[in-house]
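Each chain, letter by letter, is given below.
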Amino acid sequence: MAFPIITLTTDFGPSSPYVAAMKGAMLSINPGLRIIDLTHSIAPQQIADGSFALAEAAFSFPLGTIHVAVVDPGVGTHRSIVYAEIAGHRFICPDNGLLTRLADRLPPTKIIEVTNKQYFRPTVSATFHGRDIMGPVAAHLSLGLDPDVLGASISELSRLDLPDACRMANRIEGQVISVDSFGNLITNITREMLAGVPTDESVTVRCDEHETQGIFQTYGEQPAMTLVALIGSNDQLEIAIVEDSAQIMLGVGSGAPVEVRW
Amino acid sequence: MAFPIITLTTDFGPSSPYVAAMKGAMLSINPGLRIIDLTHSIAPQQIADGSFALAEAAFSFPLGTIHVAVVDPGVGTHRSIVYAEIAGHRFICPDNGLLTRLADRLPPTKIIEVTNKQYFRPTVSATFHGRDIMGPVAAHLSLGLDPDVLGASISELSRLDLPDACRMANRIEGQVISVDSFGNLITNITREMLAGVPTDESVTVRCDEHETQGIFQTYGEQPAMTLVALIGSNDQLEIAIVEDSAQIMLGVGSGAPVEVRW
Amino acid sequence: MAFPIITLTTDFGPSSPYVAAMKGAMLSINPGLRIIDLTHSIAPQQIADGSFALAEAAFSFPLGTIHVAVVDPGVGTHRSIVYAEIAGHRFICPDNGLLTRLADRLPPTKIIEVTNKQYFRPTVSATFHGRDIMGPVAAHLSLGLDPDVLGASISELSRLDLPDACRMANRIEGQVISVDSFGNLITNITREMLAGVPTDESVTVRCDEHETQGIFQTYGEQPAMTLVALIGSNDQLEIAIVEDSAQIMLGVGSGAPVEVRW
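All values reported here derive from a predicted model rather than from experimental measurement.

What counts and what doesn't
Residues numbered from 1 in each chain as written. Chains lettered and ligands numbered in written order. Predicted model: local features only at pLDDT ≥ 70, side-chain atom pairs only at ≥ 80, totals over all residues. Heavy atoms only, no water. Axes fitted to C-alpha atoms, helices over the stretch in contact; angles between N-to-C directions. Helix = DSSP H or I, 4+ residues; strand = E, 2+ residues; numbered from the N terminus. Parallel < 35°, antiparallel > 145°, perpendicular 65-115°, else oblique. Left-handed = near helix turned anticlockwise from the far one by under 90°. Contact = heavy atoms within 4.5 Å. Pairing = 2+ DSSP bridges. Phe/Tyr/Trp six-rings, centres within 6.5 Å; stacked < 30°, edge-to-face > 60°. Buried < 20%, exposed > 50% of the residue type's maximum accessible area, 1.4 Å probe, protein only. Least-squares fit on C-alpha atoms with pLDDT ≥ 70 in both. 1 Å grid on protein atoms, 1.4 Å probe; cavity = no way out; pocket = protein on both sides within 12 Å on 5 of 7 lines; lining within 4 Å. Points joined across faces, edges and corners; volume = space filled by probe spheres on them. Nonpolar A, V, L, I, M, F, W, Y, C, P; charged D, E, K, R; others polar. Polar contact = N/O pair within 3.5 Å; in protein donor to acceptor, adjacent residues only side chain to side chain. pLDDT = per-residue confidence, 0-100. Buried area = accessible area lost by both parts, 1.4 Å probe. Salt bridge = Lys/Arg side-chain N within 4 Å of Asp/Glu carboxyl O.

Colleague: Looking at this model, I keep getting lost on the packing of helix α1 (residues 17-29) of chain B against helix α4 (residues 129-142) of chain B. Mind explaining?
Modeller: A pair of packed helices is captured by two measures, namely the crossing angle of their axes and the spacing between those axes. All names here are of chain B. The interhelical angle for the contact between α1 and α4, taken along N-to-C directions, is 40°, at an axis separation of 8 Å. As the angle between them shows, α1 and α4 are arranged oblique. Here α1 and α4 pass one another in a crossing that is right-handed. Contacts between α1 and α4 involve Ala21, Met22, Ala25, Met26 and Ile29 from the first element and Gly130, Arg131, Gly135, Pro136, Ala139 and His140 from the second.

What follows is the structure in structure tokens.
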């Protein structure tokens, strides 16, 4: 790419100096790099949240973008670091399941276990592989390094055991899997699973103990403070309170059961 | 511009993957773009806060900068999206009053209702027009697109009904309109309105039930924990507690009445 | 540098419009600039925290990087603004001790008191020298300006009186000096001071009232919820709870006494 882009996804917290240390290490290798924060607000060590955030945003970047994800409770232990190619995008992360949601959409076309120390920082700490291994390797790739020199090809990524939604004759059972900054509850029920399901008031969407009728297009179709179900911008069923936070108003979060019945 | 700049102002929360999704969509159209966060900490759906943040920072950018603002409670409903030029800067946002404070300073020299789908994302969701319409349109403009092709010219922007300060014979009545991250209370009383008002201790500034004498130049002229009034960096009267938070110490926030009497 | 880099360290809060105003002012002078956030999460006016964050991340950037740090309780008073060169990096900040931790590692090779108004913003406010002085001066330097024109050379930077750790015959006494976003407690006891100290269970690390045996390499060597001591990624002794927050679990923070005994 003429304008190499690297995105960063971490659990370091917004505005953390650790993020800056990673960026500095990368820019020291390729000062022409542009680095975009995907998010640094993953809850500490919550790999499933990191996997969801990557699925939410990574594919909207240009083909060839390198995405570095560091949610890494096992840093410095036996877990390995992987390079993977999925849908024309490139990923570097610990092999702990961070790519599960992306790999569920499209299988990786290449997976490499990153072992070649030549592209690491000269001194590698035991606790900060984002700065010392993953960032530097990504920066070298952005300069045109052939990923095959990073290590041996492997056949499978580690996977998280994520809850699946399930469609039956006249209902779908799923879960809230994420809460966005508006307090909207994002579920694992996809637009695809909802094919053929009515959207008028003959359909009931239940989240925990709360129910609403119909599946809407957008928030503003209903008055403020109304509970609505709709298919969100990433093609997943969302439960929302118009102009307020469903998370706070309903008192529910990730893991809450969701049922669509018609 | 040789180095096209786009700023982003949203209520998505700092470090939100939604922000990253917008950036990815823009970089997919113009990979040479530089994108600067103006702020993502606008309280959800608080258009007045967004209007204030834009007024606080937009004009410090180079002429020709494109500012995209997405505080958009009406997304997917009948509200329109506008392109506007103000003071040599370019803005894209929902037509919901976000530009009120800027347009109060200088009238827009061009307003266009953005309707030409050719510059939208191929698939437009009903709930995320930042990623699917406003971001992509801004990215096309950064490549040199003539704004006149975006849609028809219109004569007026929607406006928020914002509280005005009022100067009488020997006093000014205004309000706190924003609180910054230091807890300083920013008011709608401008340097201009204070022309000719004494700054010595013959002037009393009252905020809610709290009073102080004199208008100072800067915080450090008084000892720590002192209540002071001063004209802040954007030429607006501020109420501050030296080295502490006026918001917390006085227990007041946006909307609190402020009176300058001499 | 072909790709001039400026980093920003402030106490403005993440995603503050004040940060954007600074960036706009700098880009107005050098639109080719790349600006990286080091951190904006310094607690308001906590110079010691700013000094620590700079030490944490500044040196990982390429040589020649310009680091602007604005934690500035004395803005608009008699405190001066300085330009300093340390270890091939360049710094601009108020002369209030912000560079203490960096200068403790390596003495500055050049210090200049910044007084030449020619490189300031045309109008300088009394309360926002980040936007009006420090940012613009940094932007001019990024265009190749000779720092010697900024003002007169001075011989010493102001210093903070920071707590030092102390090694005795069979113990070291230090303090917690920072808490990271994971709740890990970073101390002022360095790897260097620990030279020759055993790392097996014959060594006891005590933080406030809590004790642990041994000094580990990384978090994941012990089970979740275990209290561990280890040497972190910046070569300083850390107290951590595996996969949880030591700050919350132990109820301690900056200033807590730490003792290593063997």
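Colleague: When you look at the sheet that holds strand β3 (residues 66-70) of chain A in this model, what are you seeing that I'm missing?
Modeller: Strand pairing in a sheet takes place through backbone hydrogen bonds and is either antiparallel or parallel in direction. Residues and elements named next belong to chain A. Ordered by their spatial adjacency, six strands build an open sheet running β2-β1-β3-β5-β4-β6, and the pairing between neighbours is mixed. The open sheet has two free edges, formed respectively by β2 (34-39) and β6 (110-113), since each of these has just one partner strand. Shown here is a sheet whose adjacent strand axes are inclined to one another by a mean of 20°, direction ignored. Note that strand β4 (residues 81-86) and strand β5 (residues 89-94) share six bridges and pair antiparallel. By the bridge assignment for β5, Ile81 is matched with Pro94.

Colleague: Looking at this structure, how should I read the sheet that holds strand β3 (residues 66-70) of chain B?
Modeller: Residues and elements named next belong to chain B. If you trace the six strands from one edge of the open sheet to the other, you get β2-β1-β3-β5-β4-β6, paired in mixed fashion. Looking at strand neighbours, the two that pair on one side only are β2 (34-39) and β6 (110-113), the edges of this open sheet. For this sheet, the mean angle separating the axes of adjacent strands, direction not counted, is 20°. The pairing of β3 with strand β5 (residues 89-94) spans three bridges and is classified as parallel. Counted as the bridge partner of Ile66 is Arg90 from β5. Contacts between helix α2 (residues 47-57) and the sheet are confined to β1 (5-10), β2 and β3, with β2 contributing the most and set at about 120° to the helix. Against the sheet, α4 contacts β1, β3, β4 (81-86) and β5, and its axis sits at roughly 175° relative to β3.

Colleague: Would you explain the packing of aromatic side chains in this entry?
Modeller: Here the structure, examined in full by the defined rule, presents 12 aromatic pairs over all chains. Aromatic pair Phe12 of chain C and Tyr18 of chain C: ring centres 6.1 Å apart, planes at 85°, arrangement edge-to-face. A relative accessible area of 5% means that Phe12 of chain C is categorised as buried. Through successive ring pairs, a cluster of aromatic residues spans Phe12, Tyr18 and Phe128 of chain A together with Phe182 of chain C.

Colleague: In this structure, what is going on with the pairing of strand β10 (residues 204-207) of chain C? I would like to understand it.
Modeller: All names here are of chain C. As judged from the four bridges shared by β10 and strand β11 (residues 210-213), these two strands associate in the antiparallel manner. From the neighbouring strand, Cys207 faces β11, where its bridge partner is His210. The turn linking β10 back onto β11 is made up of two residues, and Asp208 within it adopts a positive phi angle of 55°. Direction of pairing for β10 relative to strand β14 (residues 257-261): antiparallel, over a ladder of four bridges. Bridge pairing in β14 places Arg206 opposite Glu259.

Colleague: Help me understand the relation of the copies chain A and chain C, please; the structure alone is not making it clear to me.
Modeller: Superposition of the two copies of the chain requires a rotation about an axis and a shift along the axis. Mapping chain A onto chain C calls for a rotation angle of 120° and an axial translation of 0.0 Å; the resulting RMSD is 0.0 Å. Taken together, these values place the two copies in the relation of a three-fold axis. In terms of proximity to the rotation axis, the leading residue of chain A is Pro14 of chain A, whose C-alpha is 4.0 Å off the axis. The share of interface residues of chain A whose copies in chain C are also at the interface is only 6%, consistent with the copies meeting through different surfaces.

Colleague: Can you walk me through the relation of the copies chain B and chain A in this structure?
Modeller: By a simple turn and slide, chain B fits onto chain A: the slide is 0.0 Å along the axis, the RMSD is 0.0 Å, and the turn is 120°. Interface overlap between copies is the fraction of interface residues in one copy that are interface residues in the other; for chain B against chain A it is only 6%, indicating separate surfaces.

Colleague: Help me understand empty space enclosed by the protein, please; the structure alone is not making it clear to me.
Modeller: It is a probe the size of a water molecule, rolled over the atoms, that shows where empty space is left. Scanning the entire structure with this criterion turns up seven cavities of 30 Å³ or more. Here the largest cavity is characterised by a volume of approximately 830 Å³. For the lining of the largest cavity, the secondary-structure elements that each account for two or more residues are α1 (17-29) and β2 of chain A, α1 and β2 of chain B together with α1 (17-29) and β2 (34-39) of chain C. For the lining of the largest cavity, the per-class residue count stands at 21 nonpolar, nine polar and nine charged.

Colleague: Before we go on, may I ask you to explain the packing of α2 of chain B against α1 of chain C in this structure?
Modeller: Where α2 of chain B meets α1 of chain C, the axes come as close as 8 Å, and the angle between the chain directions of the two elements is 30°. Put simply, α2 of chain B runs roughly parallel to α1 of chain C. Between α2 of chain B and α1 of chain C lies a crossing of right-handed hand. Contacts from Ala53, Glu56 and Ala57 of chain B in α2 of chain B reach Pro17, Tyr18, Ala20 and Ala21 of chain C in α1 of chain C. Each residue belonging to the contact of α2 of chain B with α1 of chain C can be placed in one class, and the counts come to six nonpolar, no polar and one charged.

Colleague: Teacher, can you tell me more about the side chain of Asp72 of chain B here?
Modeller: Residue and element names in this part refer to chain B. Mapped onto the elements, Asp72 comes out in the loop between β3 and β4. Given a relative accessible area of 10%, Asp72 falls into the buried group. Non-local contacts of Asp72, meaning those with residues more than four positions away in its chain, are made with Asp11, Arg79, Pro94, Asn96, His129 and Met134.

Colleague: Would you explain the side chain of Thr187 of chain A in this entry?
Modeller: Residues and elements named next belong to chain A. Relative to the assigned elements, Thr187 resides in strand β9 (residues 185-190). For Thr187, a relative accessible area of 0% translates into the label buried. At 3.1 Å, the side chain of Thr187 and the backbone nitrogen of Ile189 are in polar contact. Looking at Thr187, its side chain comes within polar contact range of the main-chain oxygen of Leu237, at 2.7 Å. Beyond its immediate chain neighbours, meaning those up to four positions away, Thr187 contacts Gln175, Val176, Ile177, Gln236, Leu237, Ile239 and Val258.

Colleague: I'm lost on the confidence of the model for chain A in this one. Help?
Modeller: Predicted coordinates in regions of low pLDDT should not be interpreted in detail. Of the residues in chain A, 99% reach a pLDDT of 70 or more, and the chain-wide mean stands at 94. Under the prediction, the complex receives an ipTM of 0.93, its pTM being 0.94.

Colleague: Sorry, what's going on with the interface of chain B and chain A here?
Modeller: It is common to report an interface's size as the accessible area lost on association of the parts. Contact with chain B, which involves 31 residues of that partner, is made by 31 residues of chain A. Carbon and sulfur atoms make up 59% of the area that chain B and chain A hide from each other, which totals about 2300 Å². When the buried surface of chain B facing chain A is broken down by residue, Ser15, Tyr18 and Thr127 of chain B rank first, second and third, together holding 24% of it. On the surface where chain B and chain A come into contact, there are zero salt bridges. Connecting chain B to chain A are 16 residue pairs in polar contact (both at pLDDT 80 or more). Of all the elements, α1 of chain B adds the most residues to the side of chain B that touches chain A, at nine residues. A breakdown of the residues in the side of chain B that touches chain A according to their chemical character gives 15 nonpolar, 11 polar and five charged.

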